[in-house]
Protein chains: 2
Amino acid sequence: MTLEKLYSQIQEKKSFLCVGLDVDLEKIPAQLLQEEDPIFAFSKAIIDATHDLCVAYKPNTAFFEAYGVKGWMALEKTINYLNENYPDHFTIADAKRGDIGNTSTRYAKAFYEDLNFDSVTIAPYMGKDSVEPFLAFEDKFAILLALTSNQGAFDFQTKTVDGKPLYQEVLKTASQYENSDRLMYVVGATKAEYLADIRKIVPKSFLLVPGVGAQGGSLEEVVKYGKNDQIGLLVNSSRGIIYASNGSDFAEAARAKALDLQQQMADLI
Amino acid sequence: MTLEKLYSQIQEKKSFLCVGLDVDLEKIPAQLLQEEDPIFAFSKAIIDATHDLCVAYKPNTAFFEAYGVKGWMALEKTINYLNENYPDHFTIADAKRGDIGNTSTRYAKAFYEDLNFDSVTIAPYMGKDSVEPFLAFEDKFAILLALTSNQGAFDFQTKTVDGKPLYQEVLKTASQYENSDRLMYVVGATKAEYLADIRKIVPKSFLLVPGVGAQGGSLEEVVKYGKNDQIGLLVNSSRGIIYASNGSDFAEAARAKALDLQQQMADLI
């Protein structure tokens, strides 16, 4: 996937919505539990119901791994289904990986080549040689945690380093890594007021923005402070969309929630 | 696994060696590639050859995940083999996970309950609500990245925050989390001179120390600066042991390397 293609999808659909696939067997409609692979069945139904309203899908790998080998197979089926049926969508493995060089290369190959995701989320703590292996693949992107949407973000990310918050040091340092044009950054919608400062450091990069909806972030503020001239935003909603209903109308209810967000986005861009 | 049991293993074996299972199909003896599950066959042979010389095993999950469903099955077989045959060994899933609360709980359950590892490595960047879910399980331990052995550690971990390096802020903050007696910390052997300061902040905690051997860290210095009155160290070697030979004598060669480290350890404690 190229950035140009992602941007043209955004323009065409008037949407920068990313649907997060956090598939929890305790929350999906009971009827699906009789399927051979309930995790995939649920993911497929959500994808089919929302694909024209969003530009990206983000399976959170934790939810798949939690089911061991079966979960991993469901993840493979989900990404294969996306790549075969909706190849124009940007796909994100929300895995938050990061390890020393040769191990990061392993992870990168697993997600980019074997599973064929367009991108993977990664953690910055181990620095350059843990991040750069994820930037060595053409048309693949690493999405680095910068300022996350949770309360724990204030433990370290906002602490002052060299006169500025750590998350800004992360943005500044990472934007100098090799192939940093393949970097995107996670910035939580719950901290939208920080986006203006973030845009000064990474004006051109795409930002993956979780926290709209269930976590209380404001879409309007995210756009106000975070938009650049190519939009530059992927706003994620997971629970707010996929668990809109746990009845037999779950797919229609998910579509309605996605449509609501897409229409708000169309008004804002 | 309790800390008392881990300490008694260390005393009994005069060893605080952890063997890292970074299984790479390109590096294992060619003869094993004909096995039905070469990854497990290799892990099993290494375990059988070294179990009396070490107190812990640490599969790096990246190496297993790199092989998709097959790799995940090999990881399950490996941890099951350990738990059935060598239940006194401390087991570490080197996964470097970390996500917001409910997702961290998923990961914790996957590693502690489904796979039945004693511990899992985690990244600190997302703070308290990403770490505490890993501390909510009795006799299970989370091993937090503090100061890693790679060059990239200098990007952020050693930057000054409130007058001290970030890794010390991580240690100080994390040691106040709920159930922090279930925390251990990763400190690279390549930075052994930092261990004296680290011991002032976390005098009682176990430290998982990678970087002896292939990465050049000194065992003697690690013990000098890092040992506490219950040893408090798990020194890991991966490549230096498991790839000592890629011929048919690989298991014996691995044992010889492990024995060499164990004997050095016996002299130092």
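The notes below deal with the structure included here. Keep in mind that what you see is a predicted model, and the values were worked out from it rather than measured.

Moving on, we come to the overall build of chain A. Looking only at helices and strands, one finds twelve helices and ten strands in chain A. For 269 residues, the compact-globule estimate of 2.2 N^0.38 gives 18 Å, and chain A sits close to it at 18 Å. With the C-alpha coordinates aligned to their principal axes, the bounding extent of chain A is approximately 55 × 45 × 35 Å. When burial is assessed residue by residue, chain A has 63% of its 269 residues classed as buried. Taking all contacts inside chain A whose residues are at least 6 apart in sequence as the whole, residues at least 24 apart take part in 74%.

Attention now goes to the relation of the copies chain A and chain B. Superposing chain A onto chain B requires a rotation of 180 degrees together with a translation of 0.0 Å along the rotation axis, leaving an RMSD of 0.0 Å. Within this description, the copies of the chain are treated as partners about a two-fold rotation axis. Within chain A, the C-alpha atom positioned nearest to the axis of rotation is that of Val161(A), 2.6 Å from it.

With that settled, the discussion passes to the layout of surface pockets. Residues and elements named next belong to chain B. There is about 430 Å³ of room inside the largest pocket. If you trace the largest pocket, you find 22 residues lining it, with Leu 3, Asp 181, Arg 182, Lys 204 and Ser 205 closest to the centre. Here the lining of the largest pocket is composed, by residue class, of eight nonpolar, seven polar and seven charged. When its volume is computed, the second largest pocket comes out at roughly 270 Å³.

Before going further, it helps to examine the state of the cysteines. Residues and elements named next belong to chain B. Inspection of every chain in the model, using the stated rule, returns zero disulfides over all chains. Of the cysteine sulfurs around Cys 54, a residue in no disulfide, the closest is that of Cys 18, at 7.4 Å. A relative accessible area of 0% places Cys 54 in the buried class.

Here the focus is the environment of Asp88(B). Residues and elements named next belong to chain B. Looking at where Asp 88 falls in the secondary structure, it is placed in the loop between helix 4 (68–85) and strand 3 (90–97). The class for Asp 88 is partly exposed, based on a relative accessible area of 35%. Between the C-alpha atoms of Asp 88 and Gln 9, which are 79 residues apart in sequence, the distance is 7.5 Å. Once you skip the residues sitting within four places of it in the chain, Asp 88 turns out to touch Met 1, Lys 5 and Gln 9.

What counts, and at which threshold
- Residues numbered from 1 in each chain as written.
- Chains lettered and ligands numbered in written order.
- Predicted model: local features only at pLDDT ≥ 70, side-chain atom pairs only at ≥ 80, totals over all residues.
- Heavy atoms only, no water.
- Helix = DSSP H or I, 4+ residues; strand = E, 2+ residues; numbered from the N terminus.
- Rg over C-alpha atoms; globule rule 2.2 N^0.38 Å.
- Buried < 20%, exposed > 50% of the residue type's maximum accessible area, 1.4 Å probe, protein only.
- Contact = heavy atoms within 4.5 Å.
- Least-squares fit on C-alpha atoms with pLDDT ≥ 70 in both.
- 1 Å grid on protein atoms, 1.4 Å probe; cavity = no way out; pocket = protein on both sides within 12 Å on 5 of 7 lines; lining within 4 Å.
- Points joined across faces, edges and corners; volume = space filled by probe spheres on them.
- Nonpolar A, V, L, I, M, F, W, Y, C, P; charged D, E, K, R; others polar.
- Disulfide = S-S within 2.5 Å.

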